[in-house]
Amino acid sequence: MADHRRPGIVAGAVLLTTALAGCSGLGRTAVGTVNYEAGEDRVVTVSNPVVTGCHKLLPAGAVRIENATLIDLIAYRTPDCTGGGTTYIATTLFNNIAPGTQPWLSYRWVH
């Protein structure tokens, strides 16, 4: 005797998998804020930034970055998230540049 529920279960599983794969990256954000110091006494706060792509900082760059989100980030000294001299900033931590070094100009998420 054939099980008539099996094709329905398989079709449901395929539909659910397709829906999750298609929507998983859309609009995902790093819950929390990224705070950074740019120039003299200028603090910038970015709330719930998207987790995809490279995020540019202000042209002056940042001398301090605080990662108050739930996802780790990597800070770069270039505006396009490339090159060496990166800094890994884990969730809920911060980092300051060393005196005499270039500021950070961009960041991306570790995921």
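What counts and how
- Sequence order as written defines residue numbering, which begins from 1 separately in each chain.
- Reporting in this predicted model follows two pLDDT cut-offs: at least 70 for local features of residues, and 80 or more for side-chain atom pairs to be given and counted; totals over whole chains, interfaces and linings ignore these cut-offs and use all residues.
- Think of the side-chain values as coming from all heavy atoms in the structure, minus any hydrogens and water.
- Two rings from Phe, Tyr or Trp (for Trp, the six-membered ring) form a pair when their centres are within 6.5 Å of each other. A pair whose planes differ by under 30 degrees is stacked, one over 60 is edge-to-face, and the rest are tilted.
- Note on exposure labels: buried denotes an accessible area under 20% of the residue type's maximum, exposed denotes more than 50%, and partly exposed covers the range between, all computed with a 1.4 Å probe on protein chains only.
- Lysine and arginine charges are scored as sitting over a ring when NZ or CZ, respectively, is within 6 Å of the ring centre and within 35 degrees of the ring normal.
- The rule for a disulfide is simple: a pair of cysteine sulfur atoms within 2.5 Å.
- Secondary structure is summarised from DSSP: a helix means a run of H or I of at least four residues, a strand means a run of E of at least two, and numbering begins at the N terminus for each.
- Any two strands are treated as partners once DSSP identifies two or more bridges connecting them.

An unreviewed UniProt entry annotates the protein as Lipoprotein of Streptomyces marianii.

Chemist: Provide a residue-level description of the packing of aromatic side chains, including the pertinent values.
Modeler: Under the criterion given, the structure shown has one aromatic pair. Pairing Y107 with W109 gives two aromatic rings, centres 5.6 Å apart and planes at 85 degrees, and the pair type is edge-to-face. Both residues of the pair, Y107 and W109, count as buried. When the ring centre of F94 is taken as origin, the NZ or CZ atom of R64, which lies over that ring, is 4.1 Å away.

Chemist: I'd like a rundown of the state of the cysteines, residues and numbers included.
Modeler: Applying the stated rule across the entire model yields one disulfide. Paired through a disulfide, C54 and C81 show a sulfur-sulfur distance of 2.1 Å. The chirality of the disulfide connecting C54 with C81 is right-handed, given an S-S dihedral of about 85 degrees. Taken together, the residues C54 in the loop between strand 2 (43-47) and strand 3 (55-56) and C81 in the loop between strand 5 (73-76) and strand 6 (87-89) connect sequence positions 27 residues apart. Among the residues examined, C54 registers a relative accessible area of 35% and is labelled partly exposed.

Chemist: Before we move on, can you summarise the sheet that holds strand 6 with the specific residues and values?
Modeler: Overall, antiparallel pairing links the four strands, which are arranged 3-8-5-6 in an open sheet. Two strands close off the open sheet at either side, each with one partner strand: strand 3 and strand 6. One ladder, built from two bridges, connects strand 3 with strand 8 (residues 106-109); its direction is antiparallel. Looking at the pairing, K56 lines up with S106 of strand 8.

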